[in-house]
Amino acid sequence: MVIERYAKNPVLAPNKDQSWEAEAVFNGCPARKGGKIFFLYRAVSLPHYHSAAKTKLMVSDIGIAESRDGMNFSNRRRLIVPEYEWERFGCEDPRITKLNGTYYVFYTAVGSWPPNAESIRVGIAISKNLEKVEEKHLVTPFNAKAMALFPERIGNKLWAVLTINTDRPPAKICLAPFDKEEEIWQESRWKKWYQDSDKYSLPLRRRPQDHIEVGTPPIKTKYGWLLFYSSIRDYFSPQKSFGVEAVLLKADNPLKIIARTDFPILSPEEYYEKHGMVPNVVFPSGATTDNGWLNLYYGAADTTCCLAKIELNPFLEQLLGKEKRAVQLNRAEENPILGPVKNHPWEAKATFNPAAIYLEGKTHLLYRAMSEDNTSVFGYASSRDGIHVDHRSSEPVYVPREKFEQKLQPGGNSGAEDPRLVKIGGRIHLFYTAFDGKNPPRVALSSIAAKDFLDHKWNWERPVLISPPDLDDKDAALFPEKIGGKYLIIHRSGDDIDLSFHKTLDFDGTNWLEEYRWIRPRKGWWDSKKVGVAAPPIKTAEGWVLLYHGVSDEDGFYRVGAVLADRRNPLKIIGRTDYPILEPEAPYEKEGIVANVVFPCGAALVGKDLFVYYGGADKVVGAATVEFRKLLKILKLCRC
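Along every chain, residues carry numbers that run from 1 in the direction the sequence is written. Local features in this predicted model are restricted to residues of pLDDT 70 or higher, and side-chain atom pairs are both shown and tallied only at a pLDDT of 80 or more, whereas totals for entire chains, interfaces and linings draw on every residue. Here the side-chain values reflect all heavy atoms present in the structure, with hydrogen atoms and water set aside.

## Examining the overall build of the protein
Inference 1: Secondary structure elements follow DSSP: runs of H or I of four or more residues count as helices, runs of E of two or more count as strands, with numbering from the N terminus. The helix and strand tally for the protein stands at 6 helices and 44 strands.
Inference 2: Each principal axis of the C-alpha distribution contributes one length, and for the protein these read about 90 × 50 × 45 Å.
Inference 3: Using a 1.4 Å probe on the protein chains alone, a residue whose accessible area is under 20% of its type maximum counts as buried, one over 50% counts as exposed, and one in between counts as partly exposed. Per-residue burial over the protein gives 59% buried out of 640 residues.
Inference 4: In the protein, the proportion of contacts linking residues at least 24 apart, taken out of those at least 6 apart, comes to 53%.
Inference 5: Method for areas: the Shrake-Rupley scheme with a 1.4 Å probe, in which residue coverage is limited to the protein chains shown. Accessible surface computed for the protein: about 25800 Å², of which carbon and sulfur atoms make up 47%.
Inference 6: The sign given to each residue is positive for Lys and Arg and negative for Asp and Glu; His and the chain ends receive no count. All charge positions are set by atom: Lys at NZ, Arg at CZ, Asp at CG, Glu at CD. Each charge class in the protein was averaged separately, 88 positive and 82 negative side chains, and the resulting centres sit 3 Å apart. In what follows, a contact means two residues having at least one pair of non-hydrogen atoms within 4.5 Å.

## Points about the pattern of salt bridges
Inference 1: Should a side-chain nitrogen of Lys or Arg be within 4 Å of a carboxyl oxygen of Asp or Glu, the pair is scored as a salt bridge. Enumeration according to the criterion identifies 45 salt bridges in this entry.
Inference 2: Lys 36 is the salt-bridge partner of Glu 66, the closest N and O atoms lying 2.8 Å from each other. Residue Glu 66 is found in strand β6 (residues 60–67), and its partner Lys 36 is found in strand β3 (residues 36–44); the two are separated by 30 residues along the sequence.
Inference 3: Given the relative accessible area of 10%, Glu 66 is considered buried.
Inference 4: Assessed through its relative accessible area of 26%, Lys 36 is described here as partly exposed.
Inference 5: Between Asp 527 and Arg 576 there is a salt bridge, and its shortest N-O distance comes to 2.9 Å. Taken together, the residues span a long stretch of sequence, with Asp 527 in the loop between β36 (516–519) and β37 (530–533) and Arg 576 in strand β41 (residues 573–576) at a distance of 49 residues.
Inference 6: Using a relative accessible area of 0% as the deciding quantity, one classes Asp 527 as buried.

## Points about the packing of aromatic side chains
Inference 1: Pairing of aromatic side chains requires ring centres within 6.5 Å, counting the rings of Phe and Tyr and the six-membered ring of Trp. Pairs whose planes differ by under 30 degrees are stacked, by over 60 edge-to-face, and all others tilted. According to the stated counting rule, one finds 30 aromatic pairs in the structure shown.
Inference 2: Seen from their ring centres, Phe 150 and Trp 225 are 5.1 Å apart, and the 85° between their planes marks the pair as edge-to-face. Linking Phe 150 in the loop between β12 (144–149) and β13 (158–164) with Trp 225 in strand β18 (residues 225–233), this pair joins segments that are 75 residues apart in sequence.
Inference 3: Taking the relative accessible area as the measure of exposure, Phe 150 reaches 1% and is therefore buried.
Inference 4: Consider the rings of Tyr 398 and Tyr 432, whose centres lie 5.3 Å apart with planes at 70°: the pair is edge-to-face. Within this pair, whereas Tyr 398 is found in the loop between β28 (391–392) and β29 (414–424), its partner Tyr 432 is found in strand β30 (residues 427–435), the two being separated by 34 residues in sequence. Of the two residues, Tyr 398 and Tyr 432, neither departs from the other in class, the shared state being buried.
Inference 5: Members of the aromatic cluster, each reached through a chain of ring pairs, are Phe 378, Tyr 380, Tyr 398, Tyr 432, Phe 453, Trp 458 and Trp 460.

## Remarks on the sheet that holds β6
Inference 1: In space, the 4 strands of this open sheet follow the order β2-β3-β6-β7, with antiparallel pairing throughout. Since the sheet does not close on itself, it has two edges, and those belong to β2 (24–33) and β7 (74–80), each with one partner. On average, each strand axis in the sheet is tilted by 30° relative to the strand beside it, whichever way the strands run.
Inference 2: Strand pairing follows a simple DSSP-based rule, namely that at least 2 bridges must link the two strands. In terms of strand pairing, β6 meets β7 through 4 bridges, oriented antiparallel. Axes here refer to lines fitted to C-alpha atoms; in helices the fit is confined to the stretch in contact. Angles between the N-to-C directions go from 0 to 180 degrees.

## Here we look at a negative patch on the surface
Inference 1: On the surface, Glu 333, Glu 334, Asp 385 and Asp 390 cluster together into a patch of negative charge.
Inference 2: Summarising the element assignment, Asp 390 is placed in the loop between β27 (375–383) and β28. Note on patches: the residues involved have over 30% relative accessible area and no salt bridge, like charges join within 9 Å, and the nonpolar side chains Val, Leu, Ile, Met, Phe, Trp and Tyr join within 5 Å.

## Focus: the layout of surface pockets
Inference 1: Of the pockets and cavities examined, the largest pocket occupies roughly 1400 Å³.
Inference 2: In this analysis the probe radius is 1.4 Å and the grid spacing 1 Å, with only protein atoms considered; a cavity is a set of points the probe fits into but cannot get out of, a pocket is an open set with protein on both sides within 12 Å along at least five of seven lines, and lining residues have an atom within 4 Å of a point. The wall of the largest pocket is formed by 41 residues, among which Glu 269, Arg 520, Pro 521, Arg 522 and Lys 523 lie closest to the centre.
Inference 3: Secondary-structure elements contributing two or more residues to the lining of the largest pocket are β1 (3–5), β19 (241–250), β36 and β41.
Inference 4: Grid points are joined across faces, edges and corners, and a volume is the space filled by probe spheres set on the points. Reported here for the second largest pocket is a volume of approximately 750 Å³.
Inference 5: Considering the residues around the second largest pocket, the lining is formed by 28 residues, among which Arg 42, Glu 92, Asp 93, Lys 145 and Asp 302 are closest to the centre.
Inference 6: Under the scheme applied here, ten amino acids are nonpolar (Ala, Val, Leu, Ile, Met, Phe, Trp, Tyr, Cys and Pro), four are charged (Asp, Glu, Lys and Arg), and all others, including Gly, are polar. Its residues placed into classes, the lining of the second largest pocket shows 15 nonpolar, 5 polar and 8 charged.

## What about the nonpolar core?
Inference 1: We call a set of buried residues a nonpolar core when its members are Ala, Val, Leu, Ile, Met, Phe, Trp, Tyr or Cys and they connect through side-chain atoms within 4.5 Å of each other. Core analysis: the biggest nonpolar cluster contains 28 residues, and Leu 329, Val 545, Leu 547, Ile 581, Leu 610, Phe 628 and Leu 631 have the highest contact counts within it.
Inference 2: Looking at this core, the elements with two or more residues in it are β39 (544–551), β40 (558–565), β42 (598–606), β43 (609–616), β44 (620–627) and α6 (628–637).
Inference 3: Considering each element in turn, this core owes the most residues, 5 residues, to α6.
Inference 4: Counting 24 residues, the second-largest nonpolar core is a separate cluster that includes Ile 265, Tyr 272, Val 282 and Ala 308.

## Let's talk about unusual backbone geometry
Among all residues save glycine, negative phi is the norm, and among peptide bonds the norm is trans.
Inference 1: Of note, the bond from Trp 113 into Pro 114 is cis; its omega dihedral lies within 30 degrees of zero at -5°.
Inference 2: With respect to the element layout, Pro 114 can be found in the loop between β9 (102–110) and β10 (120–127).
Inference 3: With omega at -10°, the peptide bond leading from Asn 335 into Pro 336 counts as cis.
Inference 4: For Pro 336, the location among the structural elements is in the loop between β24 (330–331) and β25 (350–359).
Inference 5: Although it is not a glycine, Asn 353 adopts a positive phi angle of roughly 50°.
Inference 6: Counting through the fold element by element, Asn 353 comes out in strand β25.

## A few points about a nonpolar patch on the surface
Inference 1: On the surface, Met 58, Met 277 and Val 278 cluster together to form a nonpolar patch covering roughly 210 Å² of accessible area.
Inference 2: Examined against the element boundaries, Met 58 turns out to sit in the loop between β5 (55–57) and β6.

## What about the state of the cysteines?
Inference 1: In this description, the term disulfide denotes a pair of cysteine sulfurs within 2.5 Å. Taken as a whole and assessed by the stated rule, the structure comprises 0 disulfides.
Inference 2: Here Cys 91 is not cross-linked by a disulfide; its sulfur's nearest cysteine counterpart is in Cys 29, at 16 Å.
Inference 3: A relative accessible area of 0% places Cys 91 in the buried class.

## Remarks on the environment of Tyr 271
Inference 1: The residue Tyr 271 is located in helix α2 (residues 271–274) in this model.
Inference 2: For the pair formed by Tyr 271 and Pro 217, sequence separation is 54 residues and the distance between their alpha carbons is 27 Å.

## Points about the side chain of Asp 302
Inference 1: Structurally, Asp 302 can be placed in the loop between β22 (293–300) and β23 (304–311).
Inference 2: Ignoring sequence-local partners within four residues, the contact set of Asp 302 consists of Ala 24, Phe 26, Met 277, Val 278 and Val 281.

## Re the side chain of Ser 45
Inference 1: In this fold, Ser 45 is placed in the loop between β3 and β4 (48–50).
Inference 2: A residue is classified by how much of its surface remains accessible, and Ser 45, at 5% relative accessible area, is buried.
Inference 3: For the purposes of these results, a polar contact is taken to be a pair of N or O atoms within 3.5 Å, where, inside protein, one atom must be able to donate a hydrogen and its partner to accept one; residues adjacent in sequence count only when each atom of the pair is a side-chain atom. A distance of 3.0 Å separates a polar atom in the side chain of Ser 45 from the backbone nitrogen of Val 59.
Inference 4: For Ser 45, the contacting residues outside a window of four places in its chain are Ser 19, Trp 20, Glu 21, Glu 23, Leu 57, Met 58 and Val 59.

## Brief notes about the environment of Thr 363
Inference 1: Mapped onto the elements, Thr 363 comes out in strand β26 (residues 362–370).
Inference 2: Once residues lying within four places of it in the same chain are set aside, the contact partners of Thr 363 are Ala 356, Ile 357, Tyr 358, Ala 381, Ser 382, Ser 383, Gly 386, Ala 604 and Tyr 613.

Spelled out as structure tokens, the structure:
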């Protein structure tokens, strides 16, 4: 999505000189007044003795700060502090809305120690000038948090959004309409509303094991009401993952969802988001709009207030689907173009994961072939049009020769797997996964003279292992030219795509690939579990295009995406597709040896089209195409 963090984050950090905000300041919400932005935030005190609790504890007040640019704040002071019994153990997480000249601040009121669901409710503070609070009220008689008011009447009614049952899950994000202001804190009205809360609920929780909570007050846009909210994946697990998502609600009926994000637009990545009072938290809490940009404020690790900027129109267009799945690989009608051959024992079980290279008017495929005893070798096929196979070898053209790829477990997988080919000068370099069935798979390198390859004289150099021993490493490929005087080798020794830099390709079995972590999985996305290179990078005027496969934590499917890296400095990723450009849909991709897999190892740019060759369900070879300029266009839109 079109979002970038403010380079000088955090915009607000704890102040050690004021004990009431010395421990943490987070979950800030802005409001405009005159030419300034007033910023309300949760401030956590140093531990101190609390007479009502009869112990030491940290208490939250709501602070306020001022700014002219929304990034630099001063004049910090307390605005809302515990006064009444229903809030005496803390005032937390403010959401402020200006309506008809009055500022309405909803906050979480904590009424007991230790806190319990019954004592965690919503309170409201009302102010005319943000200098003092004129009145306060307890709003909900039930467990709730994160309430905010819409900034104008809709259908002649006041509307609010809130999260109920936050501490008695499952939580629900709901809407509540009011005829007049006083109804907002009318207990009898809320009790009746709570009984009918299901009909006011927005269906935003993706899975039973997840959690949701309102983030920002609603923002009016030309398409409807934009609401950012917190989506916490696997909430009940130690591995829970916080993410920021967004939903667009109908302008005249906010109970109707127009569109929503499919993945988190923000996840904990930066140091200040991963380390703090509660690690690995990003929590949206407020926003302003200015000259086509939206400033999204969020709490980081429950310790600081941070800012991210969103280009509003492109974001809304992506949200509405104008750019969603704008580029998809088009499968060949002839798919699968290669399959097992029962009377060839060496490829009787499966043929898949092909490398591809375009030379002298032909696409040449080097594919992984598996026998019934699960030994992998490489077969060869070629095509003049990129789809129909004109020639296919009757014998394997590359077979396991070294001890590190000989079978050690009878019947287990072993051999040479998942090739990638790159031509540099007069030689074609082959990277593949070598596996003996017992030790971890490792990256192997061989090469062949391009002339011999074209003449089908399979005089491969003796392979050598190039990845470290006792480390699972695979999915290797090579940039087709030196960059900065060095070869760049892509590989995967963990869950991300790595780079290794080398002056030469002369490996002797004692020097190994290094691990520079380059492209990472994205939490909550279709590529959340692991990523690996597909085909070797393709050089363009705009940068390097790299296809990759991504695996989802949620369903385990293998999908395909693309990134655009800077031409001179590929370490810098310019763009990355938000949505997969190929995913398992056809029967030969969903059913096979491993279900729901599309796994490219090769691609060839022929004229204006990119031909992509992939394994389907670890069983067959498929081909798909895309107009290359369309892929480039989307990659430039999907900025990183």
